[in-house]
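# Architecture and fold: a report
Okay, here's what each chain looks like letter by letter:
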Amino acid sequence: MSTTPDPRLQGHAGPPRDRLGRLPRDLRISVTDRCNFRCTYCMPAEIFGRDFAFLPRSEILRYEEITRLAGIFVRLGVEKLRITGGEPTVRRDLPDLVRQLASIEGVRDLTLTTNGSALRTLAAPLADAGLHRVTVSLDSLDDAVFRAMSGIDMPLARVLDGIAAARAAGLAPVKINMVVRRGVNEASIVPMARWARDAGFILRYIEYMDVGTANGWRLDDVVPGAEIIALVDAAFPLEDLQPNYAGEVANRFRYLDGAGEIGVIASVTAPFCGACSRARLSAEGELFTCLFAAHGTDLRAPLRSGVDDAGLEARIRAAWGARDDRYSELRSASTVNLPRVEMFAIGG
Ligand code: SF4
């Protein structure tokens, strides 16, 4: 992380720190609460069925509104913009948003998290619009397990073709996120490692989390990061790697034979709230300061009622300054049933 004073902050109060001294460096932008998948750990079909009332179009931020807010966050020190959802590629004309965000001075990393189902056709237009890289969620290479985890009847090949299209379009690195759920896909841990290392993708295993209120989370269903790493290490010996930057969510490991790296995001067994630099903007324009928060700060109302950038910046500074979130460090049997925003409303 650079220590030279940032020219954009000349004359400003400097980036806001929260109550634990953390800076906002990473903005996750949910562009829709809708998704064409029904992943069991995020949007189980039995609860979010065909007639579930998602946000009406009038209530979600327009691309210009998202870009304006993102510009303010970047002036406050945010360097990384991650486009997410729901499933962001179900929103029309997504390359237009990418083009707008890519034009913001100071964006050092512009990325997208997707289930990969639309990348066959969208990877090239997104790359042309200025997207740097993608993260694709893929929980198994076993077609039946893939369908069980994603809750839909779509062939795995569709996602694999999308991943290949992302690489062909020059979106790099391509990262693969795999949520591991005991009793469902732990048998896929080593096959996924073999596939990703042979193909040159960075695979990150994610401990199953108590996100939202609908996935029926139990601690017994969590495969700890240490167990995942031990399984992979037994097949392909690993060594620790330093984080790319302070606040990086994944613990990184390198294959001793030089065939690349993997990561593990162990929010349950090895929480990382201390350096959490992530802010989240929901599709309807609320600022959330934690993945497990119950409430956010409404930025859409002031935005649409004519408040200027300084006024919006003041609201963001106030919300971030009051932040003391560290849910994963405080997680216990008594926190599991607390109200929480759904993950698909703010992006993982
Ligand atoms: S639980 Fe909240 S504060 Fe902790 S790392 Fe996750 S988002 Fe950040």
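Everything here concerns the structure above.
These notes cover the structure that comes with them. None of the values given here were measured: they were computed from a predicted structure.

### Overview of the overall build of the chain
A tally of helices and strands in the chain yields 11 helices and 12 strands. For 348 residues, the compact-globule formula gives about 20 Å, and the C-alpha radius of gyration of the chain, at 19 Å, lands near that figure. The long-range fraction of contacts in the chain, counting pairs at least 24 apart against all pairs at least 6 apart in sequence, stands at 73%. Accessible area of the chain: about 14500 Å², with a carbon and sulfur share of 53%. Here the chain carries 43 positive and 44 negative side-chain charges, and the mean point of each set is 3 Å from the other.

### Some details on the sheet that holds strand 12 (residues 297-298)
Taken in spatial order, the 12 strands make up an open sheet running 7-8-9-6-5-4-3-2-1-10-11-12, and their pairing is mixed. Of all the strands in the sheet, the pair left with one neighbour each is strand 7 (238-241) and strand 12. Relative to strand 2 (residues 80-84), strand 1 (residues 26-30) runs parallel, the two being bridged by five bridges. Across the sheet, S30 pairs through a bridge with T84, a residue of strand 2.

### Some details on the site of the ligand
Around the ligand, the surrounding shell holds 13 residues, and the nearest of these are C273, C276, C290, L291 and S328. Elements with a contribution of two residues or more to the shell around the ligand: strand 10 (278-281) and helix 10 (327-330). Of the residues contributing to the shell around the ligand, the split by class is seven nonpolar, one polar and five charged.

### Quick word on helix 5 (residues 156-168)
Residues lying three or four places apart along an α-helix face the same way, a consequence of the helix completing one turn every 3.6 residues. Taking 1.5 Å of rise per residue, the 13 residues of helix 5 would be expected to cover 18 Å, and the 19 Å separating its terminal C-alpha atoms lies within 8% of that figure. Turning to helix 5, its buried residues number three or more, namely L156, V159, G162, I163, A165 and A166. Where the residues of helix 5 are buried, they touch helix 3 (119-129), strand 4 (133-137), helix 4 (143-150), strand 5 (174-180) and helix 6 (189-199).

### Notes on the environment of V90
Here V90 is to be found in the loop between strand 2 and helix 2 (94-102). The exposure class assigned to V90 is partly exposed, which follows from its relative accessible area of 37%. Through-space distance from the C-alpha of V90 to that of S117 is 9.6 Å; in sequence the pair is 27 residues apart. Not counting the four nearest positions on each side in its chain, V90 is found in contact with T32, R34 and N36.

### Here we look at the side chain of D139
With respect to the element layout, D139 can be found in the loop between strand 4 and helix 4. Of the side chains with opposite charge, R181 comes closest to the buried, unpaired D139, at an N-O distance of 9.2 Å. Within the structure, D139 has its side chain in polar contact with the side chain of Y41 (distance 2.8 Å). Within the local environment of D139, its side chain forms a polar contact with the backbone nitrogen of V179, the two atoms lying 2.9 Å apart.

### Notes on the packing of helix 1 (residues 63-75) against helix 2
Contact geometry of helix 1 with helix 2 gives a least axis separation of 10 Å together with a crossing angle of 25°. Between helix 1 and helix 2, the crossing angle belongs to the class labelled roughly parallel. Crossing of helix 1 over helix 2 shows right-handed handedness. Packed against helix 1, whose contacting residues are Y63, E64, I66, T67 and A70, the element helix 2 presents L94, D96, L97, Q100 and L101 at the interface.

### Let's talk about the packing of aromatic side chains
Under the counting rule described, the total for this entry stands at eight aromatic pairs. Judged by centre distance (4.9 Å) and plane angle (80°), the ring pair of F48 and F344 falls under edge-to-face. Here F344 lies in helix 11 (residues 343-346) and F48 lies in the loop between strand 1 and helix 1, a separation of 296 residues in the sequence. Judged by its relative accessible area of 4%, F48 is buried. Judged by its relative accessible area of 6%, F344 falls in the buried class. Plain terms: the ring middles of W195 and F201 are 5.3 Å apart, the flat faces sit at 50° to each other, and that makes the pair tilted. The class of F201 is buried, set by a relative accessible area of 9%. Ring pairing ties together the aromatic residues F48, F52, F54 and F344, which thus form one cluster. Directly above the aromatic system of Y255 lies the positively charged group of R197, at a separation of 4.7 Å from the ring centroid. If you follow R331 out to its NZ or CZ, it ends over the ring of W217, 6.0 Å from the centre.

Calculation notes
- Residues take numbers from 1 onward in each chain, read along the sequence in its written order.
- Selection of residues for local features in this predicted model requires a pLDDT of at least 70, selection of side-chain atom pairs for listing and counting requires 80 or more, and totals for whole chains, interfaces and linings are taken over all residues.
- As a rule here, side-chain values cover all heavy atoms of the structure and leave hydrogens and water aside.
- Under the DSSP-based scheme used, a helix requires at least four consecutive residues in state H or I and a strand at least two consecutive residues in state E, with every element numbered from the N terminus.
- Our radius of gyration is a C-alpha quantity, and the globule rule it is checked against amounts to 2.2 Å times the number of residues to the power 0.38.
- Between two residues, a contact is recorded if the distance between any of their heavy atoms is within 4.5 Å.
- Using a 1.4 Å probe, accessible areas were evaluated by the Shrake-Rupley method; residue-level cover was limited to the displayed protein chains.
- Charge assignment in this entry is limited to Lys and Arg as positive and Asp and Glu as negative, and neither His nor the chain termini are counted.
- Taken as the charge centre is NZ of Lys, CZ of Arg, CG of Asp or CD of Glu, depending on the residue.
- Strand pairing is assigned whenever DSSP detects at least two bridges linking the two strands.
- A molecule or strand has a residue near it when one of that residue's heavy atoms lies within 4 Å.
- Lys, Arg, Asp and Glu make up the charged group, whereas Ala, Val, Leu, Ile, Met, Phe, Trp, Tyr, Cys and Pro make up the nonpolar group; the residues left over, Gly among them, are polar.
- A helix is expected to reach a length of 1.5 Å times the quantity of its residues less one.
- Working definition: with a 1.4 Å probe on protein chains only, accessible area under 20% of the residue-type maximum means buried, over 50% means exposed, and in between means partly exposed.
- For this document, the term salt bridge refers to a Lys or Arg side-chain nitrogen within 4 Å of an Asp or Glu carboxyl oxygen.
- Definition of a polar contact: a pair of N or O atoms within 3.5 Å, with one able to donate and the other able to accept a hydrogen when the atoms are protein atoms, and with sequence-neighbouring residues admitted only if both atoms are side-chain atoms.
- All axes are obtained by fitting lines to C-alpha atoms, using only the stretch in contact for helices, and the reported angles, taken between N-to-C directions, cover 0 to 180 degrees.
- Convention used here: angles under 35 degrees read as roughly parallel, angles over 145 as roughly antiparallel, angles from 65 to 115 as roughly perpendicular, and any remaining angle as oblique.
- Crossing chirality is assigned from the near helix's rotation relative to the far helix, an anticlockwise turn below a right angle marking it left-handed and a clockwise turn marking it right-handed.
- The rule is short: rings of Phe, Tyr and Trp, with Trp giving its six-membered ring, pair when the centres are within 6.5 Å, and they are stacked under 30 degrees, edge-to-face over 60, tilted in between.
- Should the NZ of a Lys or the CZ of an Arg lie within 6 Å of a ring centre and within 35 degrees of the ring normal, that charge is described as sitting over the ring.

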